[in-house]
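So you can see what is in the structure, the chains are spelled out below.
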Amino acid sequence: DMKVTQMPRYLIKRMGENVLLECGQDMSHETMYWYRQDPGLGLQLIYISYDVDSNSEGDIPKGYRVSRKKREHFSLILDSAKTNQTSVYFCASSWGGRGAEQFFGPGTRLTVL
Amino acid sequence: GQQVQQSPASLVLQEGENAELQCNFSSTATRLQWFYQRPGGSLVSLLSNPSGTKHTGRLTSTTVTKERRGSLHISSSQITDSGTYLCAMERDTGYQNFYFGKGTSLTVIP
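Residues numbered from 1 in each chain as written. Chains lettered and ligands numbered in written order. Predicted model: local features only at pLDDT ≥ 70, side-chain atom pairs only at ≥ 80, totals over all residues. Heavy atoms only, no water.

Glancing now at the nonpolar core. Buried together is how nonpolar side chains tend to be arranged in soluble globular proteins. Residue and element names in this part refer to chain B. Grouped together as the largest cluster of nonpolar side chains are 21 residues, with contacts concentrated most on Val-4, Leu-21, Leu-72, Ile-74, Tyr-85, Met-89 and Leu-106. For this core, the secondary structure elements donating two or more residues are strand E2 (10–14), strand E3 (19–25), strand E4 (31–37), strand E8 (69–74), strand E9 (83–91) and strand E11 (104–109). The leading source of residues in this core is E3, at four residues. Setting aside its immediate chain neighbours within four residues, Tyr-85 contacts Gln-6, Leu-21, Phe-35, Tyr-36, Leu-46, Leu-72, Ile-74, Gly-103, Thr-104 and Leu-106. (Core = buried A, V, L, I, M, F, W, Y, C linked by side-chain atoms within 4.5 Å. Buried < 20%, exposed > 50% of the residue type's maximum accessible area, 1.4 Å probe, protein only. Helix = DSSP H or I, 4+ residues; strand = E, 2+ residues; numbered from the N terminus. Contact = heavy atoms within 4.5 Å.)

This is how it looks when you write it as structure tokens:
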């Protein structure tokens, strides 16, 4: 079953708290991605990971860090969350990176108060 | 910064009509990718196209990277095609990055 999962699906945090968003995939995909989506702004790429411990910044990495210690698992960490990080976060994975079809998770709706 | 402009912003079609979605971008792209976002929010990759024309099912993607434009043609639209179509400019010269447009919202009515 080809699947990308995200946990949690909904999260409410206070400004300054730490946030951990988790993503998993069961397809042994090498490449994984974290995006955020805000109303009227489309998707923005935060980080790409090409394999375990091989991560690359996307368009908006500031305020985020990632961890990939196993191929099937990719975490997004917000240290001391800010209100402007309220968004919907999508994780995706693909075979290889360049031009490959991406498989998306269902998204995590994060609210930072 | 990088800019991707999609047009039209929204489109209403009757079932069976064709749709033409445009994507223009402001700098050099390696390829264009098209994505579909369902009304409930889930995302699906549709097509990846570095240049020329690619077909899959009722979808045809045309990319002219030298002219910094692309399009997605949907033939014989169906009600289930309703949703938002996102164009993304992919660059992988050195490091890889994606820049998304704001999308075209398509509504197909009976």
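Following the criterion strictly, the structure yields 10 aromatic pairs over all chains and no others. Seen in terms of ring centroids, A:Tyr33 and B:Phe98 are 6.0 Å apart; in terms of plane orientation they differ by 75°. Their pairing is edge-to-face. Here A:Tyr33, found in strand E4 (residues 31–38), pairs with B:Phe98, found in strand E10 (residues 97–100), and the two come from separate chains. As far as burial versus exposure is concerned, A:Tyr33 and B:Phe98 are alike and both buried. Between B:Phe35 and B:Phe100 the ring centres are 5.4 Å apart and the planes differ by 40°, which places this aromatic pair in the tilted class. Here B:Phe35, found in strand E4, pairs with B:Phe100, found in strand E10; they are 65 residues apart in sequence, far enough to count as distant. Since its relative accessible area comes to 0%, B:Phe35 is described here as buried. Taking the relative accessible area as the measure of exposure, B:Phe100 reaches 10% and is therefore buried. Through successive ring pairs, a cluster of aromatic residues spans A:Tyr33, A:Tyr35, A:Phe104, B:Phe35, B:Phe98 and B:Phe100. (Phe/Tyr/Trp six-rings, centres within 6.5 Å; stacked < 30°, edge-to-face > 60°.)

Residue and element names in this part refer to chain A. Taken in spatial order, the four strands make up an open sheet running E1-E3-E8-E7, and their pairing is antiparallel. Of all the strands in the sheet, the pair left with one neighbour each is strand E1 (4–7) and strand E7 (65–70). Adjacent strand axes in the sheet meet at a mean angle of 20° when their direction is disregarded. Two strands pair when backbone bridges link them, and strand E3 (residues 19–25) and strand E8 (residues 73–78) are joined in this way by six bridges, in the antiparallel orientation. Of the residues in E8, the one forming a bridge with Gly-24 is His-73. (Pairing = 2+ DSSP bridges. Axes fitted to C-alpha atoms, helices over the stretch in contact; angles between N-to-C directions.)

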